[in-house]
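# Structural description and commentary
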Amino acid sequence: MAETSSPTSISTKLERIAKLARDAPQMALTTLAHHIDLEWLHEAYRRTRKDGATGVDGQTAEQYAEKLEDNLRSLLQRAKTGTYRAPPVRRVHIPKGDGSETRPIGIPTFEDKVLQRAVAMVLQAVYEQDFKDGSYGFRPGRSAHQALARMSGQIVRWGGAWVLEMDIRKFFDTLDHALLGQILSQRVRDGVLVRLIGKWLHAGVMEDGAPSYPSSGSPQGGVISPLLANIFLHEVLDVWFEREVQPRLRSRSALVRYADDAVLLFESEQDARRVLEVLAKRFEKYGLKLHPDKTRLLDFRRPDRKPPSKDGEPKERERTFDFLGFTYHWGESRSGKWIPKPRTAKDRLRRALRRVVDWIREHRHERIEQQHRTLTSKLCGHYAYYGISHNGDALGRLFNEVRQAWRKWLDRRSQRARMSWEKMAQLWKRYPLPRPRIVHPYRRFA
């Protein structure tokens, strides 16, 4: 029988690592890999998704589990002795933004995912003691909705803010390996962990059957990539902003970051412009570039506190900003107070709708029950993220567009079986799609 891990034992080890890092915040830790044993790998295996896409070897989680004990023992031995060879990741492309660009995703092998998870568990215990309060991406117990809440709550308390909306150009593709190694060495100098991370960074990518070995970047899709990105930006942005920038500002300021997506808030326009001037230089020092069109400063003070514009009503882009898939604008609450209201960003809404409609068209000949089951799942998944207060109009638009698309493509299944509105109304009654719902009420995150 396969050996199983003890959650109590693993949590004790994690707390031991966390305490060591907490008690010595300026010390580089050199003995961490001994915590990774067979029990640790079993827990890493348990935490690894079993339904993900396969890597270059085509091995599924089910196939790996057939000889789980032997596989984990072999993996542990190779990782500790340095004979483990990190396979290249399989690269696929997914639509980005409005669909005109794609984002490359790297898919590791399942065994590689398990080992990456094991190492990430160690690093997470160390760096959770260092990460700043304004950092939310890929951290236990933290979410994108909490980041949105922190940002909007800060704006409400200040009565508005100067918002510095920043976008790092191709961050995961341009992350400098040498600089990342230097940053990691400030806290982690365990030879086994450092060697494994180096192997993952240099493993290369497999695309169209041909391997390539980029000199920079960390493939999105890997288990450990989000954590490495967090560690890099923690030093490049979070620590710099807290230690070097904020003490030099005249008024209050705040930073809210989720992975490589961040906004900086300022009470003073002068402070905001000073930071904007040096921000690009700070990132260039670490081999990163800010997107010139998506990095901008916005006057997002409350409408009743802003002086009237001499040029008439400003354009929408001059009145709104985007963060984590939402566009924020000022609006009045039911009690008549000004609050920053979110709505699904236009490019995200278009992309979500296009994906659902494409699925309906491609699967229109399947059984109605199966189509209904899948569409229900897709809509509920969308509501789970975008279902926040004041975003009802965007949710309603998606719901209505999906219903119309479903009728349209059912109507085209054949020339004889026409789907009139009357027939469709009966079908909707029997197979109702889930209506928009607010999953994250504003009061929970205010």
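Quantities reported herein were computed from a predicted structural model and do not represent experimental measurements.

### A word on the sheet that holds strand S8 (residues 296–301)
The strands making up a sheet associate through hydrogen bonds between their backbones, and the pairing can be parallel or antiparallel. Reading across from one edge, S6-S7-S3-S8 is the order of the 4 strands in this open sheet, with antiparallel pairing throughout. Each having just a single partner strand, strand S6 (253–258) and S8 make up the two edges of the open sheet. Across the sheet, the axes of successive neighbouring strands diverge by a mean angle of 20 degrees, strand direction being ignored. For S6 and strand S7 (residues 261–266), the ladder comprises 6 bridges, and the chain directions are antiparallel. For Val256, the partnering residue across the bridge sits in S7 and is Val263. Sitting on the sheet, helix H10 (residues 225–245) is in contact with strand S3 (160–167), S6 and S7, with an inclination near 175 degrees to S6.

### Some points on helix H8 (residues 177–185)
Along H8, the positions that sit buried rather than exposed are His177, Leu179, Leu180, Ile183 and Leu184. Buried residues of H8, viewed axially, fall in a sector of 160 degrees; they line one side. Looking at the packing, one finds that the buried side of H8 touches helix H5 (110–127), helix H9 (191–201), H10 and helix H11 (269–285). Measuring from the backbone nitrogen of Ala178 back to the side-chain oxygen at the start of H8 gives 3.0 Å, which picks out Asp176 as the cap.

### What to know about the sheet that holds strand S10 (residues 326–332)
Ordered in space as S9-S10-S11, the 3 strands form an open sheet in which the pairing is antiparallel. Strands at the two margins of the open sheet, each flanked by one partner only, are strand S9 (321–323) and strand S11 (338–344). For this sheet, the mean angle separating the axes of adjacent strands, direction not counted, is 45 degrees. Relative to S10, S9 runs antiparallel, the two sharing 3 bridges. Across the sheet, the residue bridging to Phe323 is Phe326, located in S10.

### Points about the packing of helix H12 (residues 346–362) against helix H14 (residues 392–411)
Relative to each other, H12 and H14 sit at 20 degrees, their axes nearing to 10 Å. Judged on the interaxial angle alone, H14 and H12 are roughly parallel. As for the relative orientation of H12 and H14, their crossing is right-handed in sense. Along its contact with H12, which presents Leu349, Ala352, Leu353, Val356, Val357, Ile360 and Arg361, the element H14 presents Ala394, Arg397, Leu398, Glu401, Val402, Ala405, Trp406 and Trp409. Residues that form the contact of H12 with H14 fall into these classes: 12 nonpolar, no polar and 3 charged.

### Section: the pairing of S11
Across the 7 residues of S11, 5 count as buried, placing the element largely inside the fold. As judged from the 7 bridges shared by S10 and S11, these two strands associate in the antiparallel manner. Bridge pairing in S11 links His329 to Lys341. Connecting S10 to the antiparallel partner S11 that follows it, the hairpin turn spans 5 residues, and Gly336 within it adopts a positive phi of roughly 90 degrees.

### Describing the environment of Lys341
Considering the arrangement of structural elements, one finds Lys341 in strand S11. You can call Lys341 buried: its relative accessible area is 17%. Expressed as a C-alpha distance, the spacing of Lys341 and Gly204, which sit 137 residues apart in the sequence, is 43 Å. Those residues within four positions of Lys341 in sequence are excluded, and the remaining contacts are Thr327, Tyr328, His329, Gly331, Glu332 and His390.

### Description of a positive patch on the surface
Together, Arg350, Arg354, Arg355, Lys378 and Arg397 make up a region of like positive charge exposed at the surface. Within the secondary structure layout, Lys378 lies in helix H13 (residues 368–386).

### A closer look at unusual backbone geometry
Its identity as a non-glycine residue notwithstanding, Lys170 has a phi of 50 degrees, on the positive side. Checked against the element boundaries, Lys170 lands in the loop between S3 and helix H7 (171–174). At His390, a residue that is not glycine, the phi angle is positive and equals roughly 75 degrees. Mapped onto the secondary structure, His390 falls in the loop between H13 and H14. Classification of His390 by relative accessible area gives partly exposed; the value is 35%.

### So, the nonpolar core
If you look at the biggest cluster of nonpolar residues, it comprises 79 residues, and the most contacted ones within it are Phe232 and Phe283. At 12 residues, the largest contribution of residues to this core is made by H5. Those residues within four positions of Phe232 in sequence are excluded, and the remaining contacts are Phe171, Leu175, Asp176, Leu179, Leu180, Ile183, Tyr286 and Leu288. Ranked by size, the runner-up nonpolar core spans 48 residues in total, among them Leu148, Ala161, Val256 and Phe321.

### Remarks on helix H2 (residues 38–47)
Burial of H2 is extensive: 8 of the 10 residues sit out of reach of the surface. Those residues of H2 lying buried are Leu38, Glu39, Trp40, Leu41, His42, Glu43, Ala44 and Tyr45.

Calculation rules
Residues numbered from 1 in each chain as written. Predicted model: local features only at pLDDT ≥ 70, side-chain atom pairs only at ≥ 80, totals over all residues. Heavy atoms only, no water. Pairing = 2+ DSSP bridges. Helix = DSSP H or I, 4+ residues; strand = E, 2+ residues; numbered from the N terminus. Axes fitted to C-alpha atoms, helices over the stretch in contact; angles between N-to-C directions. Contact = heavy atoms within 4.5 Å. Buried < 20%, exposed > 50% of the residue type's maximum accessible area, 1.4 Å probe, protein only. Arc of directions from axis to C-beta. Polar contact = N/O pair within 3.5 Å; in protein donor to acceptor, adjacent residues only side chain to side chain. Parallel < 35°, antiparallel > 145°, perpendicular 65-115°, else oblique. Left-handed = near helix turned anticlockwise from the far one by under 90°. Nonpolar A, V, L, I, M, F, W, Y, C, P; charged D, E, K, R; others polar. Patch = residues over 30% accessible without salt bridge, like charges linked within 9 Å, V, L, I, M, F, W, Y side chains within 5 Å. Areas by Shrake-Rupley, 256 points an atom, 1.4 Å probe, with all protein chains shown as cover. Salt bridge = Lys/Arg side-chain N within 4 Å of Asp/Glu carboxyl O. Lys, Arg positive; Asp, Glu negative; His and termini not counted. Charge placed at Lys NZ, Arg CZ, Asp CG, Glu CD. Core = buried A, V, L, I, M, F, W, Y, C linked by side-chain atoms within 4.5 Å.

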